[in-house]
Amino acid sequence: MWIEHVLLGFLGLVFGISVASGSFALAVKLGIVPTMAQKSTTAKHIMTYENAIILGGICGNILSVFTSIKLPLGHIFLAVYGLGAGIFVGCMAVALAEIINVFPILYRRTKLKTGLPWVIGMVALGKMSGALYYFIHDMNVS
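Residues numbered from 1 in each chain as written. Predicted model: local features only at pLDDT ≥ 70, side-chain atom pairs only at ≥ 80, totals over all residues. Heavy atoms only, no water.

(A) How the structure looks around the nonpolar core. Ala27, Leu30, Ile32, Met92 and Ala95 form the largest nonpolar core, which has 5 residues in total. Of all the elements in the fold, those that place two or more residues in this core are α1 (2-30) and α4 (74-99). When near neighbours in sequence (up to four residues on either side) are disregarded, Ala27 contacts Ile32 and Met92. (Core = buried A, V, L, I, M, F, W, Y, C linked by side-chain atoms within 4.5 Å. Buried < 20%, exposed > 50% of the residue type's maximum accessible area, 1.4 Å probe, protein only. Helix = DSSP H or I, 4+ residues; strand = E, 2+ residues; numbered from the N terminus. Contact = heavy atoms within 4.5 Å.)

As C-alpha cells, this is what we get:
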C-alpha cells in the first residue's frame with residue numbers, strides 16, 4: 001500500500017515538473033518578460049520579474065494541490081489577483097497571436113490600413129465583457 005503512495009507521489013512530481021517546464025518554455029519562447037520590461041523601460045529589474053513569475057508559479061501550484069488552504073485576504077486582494085491574472089492571460093494571447101502572425105494576416109485580408117490600437121482594444125473589451133457575463137451569471141462549464 002505504501003509503495004503505491006510513493007509511486008503516485010513520484011509520478012505526480014515528475015508530471016508536474018514536465019507541465020511546469022512546458023508552461024515556462026512557452027512563456028520564454030513568446031518573449032513576454034523581456035518585451036514587457038523593454039516596453040515599460042524597467043529592463044534593469046528583469047531578475048525581479050523572473051523571480052515573481054517563479055514565486056507565482058510555486059504559490060499557484062501549492063494552492064491548487066492543497067485546496068483546504070484558505071487565504072482570508074478579502075475582496076480587494078481578489079480584485080488585484082483577477083486583474084493580474086487577466087493581464088497575464090491577455091499578454092500570453094497577444095504574444096502568441098503575434099508569433100503566429102495573426103494580426104498581419106487579418107489586416108491584409110480585411111484591407112485594414114489604420115486602427116490597430118482600436119482592434120486590439122475591442123478584442124480585449126470583448127474578452128473582458130464575456131468573462132464578466134460568465135462570472136456574474138454563475139455559469140458552469142459542466
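From this point, things continue past the structure.
(B) Looking closely at the layout of surface pockets. The computed volume of the largest pocket comes to approximately 1700 Å³. The wall of the largest pocket is formed by 41 residues, among which Ala52, Ile53, Gly56, Gly57 and Phe88 lie closest to the centre. In terms of residue count, the dominant contributor to the lining of the largest pocket is helix α3 (residues 46-65) (14 residues). Looking at the lining of the largest pocket, its residues break down into 31 nonpolar, 9 polar and 1 charged. The computed volume of the second largest pocket comes to approximately 700 Å³. Those elements that provide at least two residues to the lining of the second largest pocket are α4 and α6 (116-136). No other element matches the 10 residues that α6 contributes to the lining of the second largest pocket. The residue makeup of the lining of the second largest pocket, split by class, is 15 nonpolar, 3 polar and 1 charged. (1 Å grid on protein atoms, 1.4 Å probe; cavity = no way out; pocket = protein on both sides within 12 Å on 5 of 7 lines; lining within 4 Å. Points joined across faces, edges and corners; volume = space filled by probe spheres on them. Nonpolar A, V, L, I, M, F, W, Y, C, P; charged D, E, K, R; others polar.)

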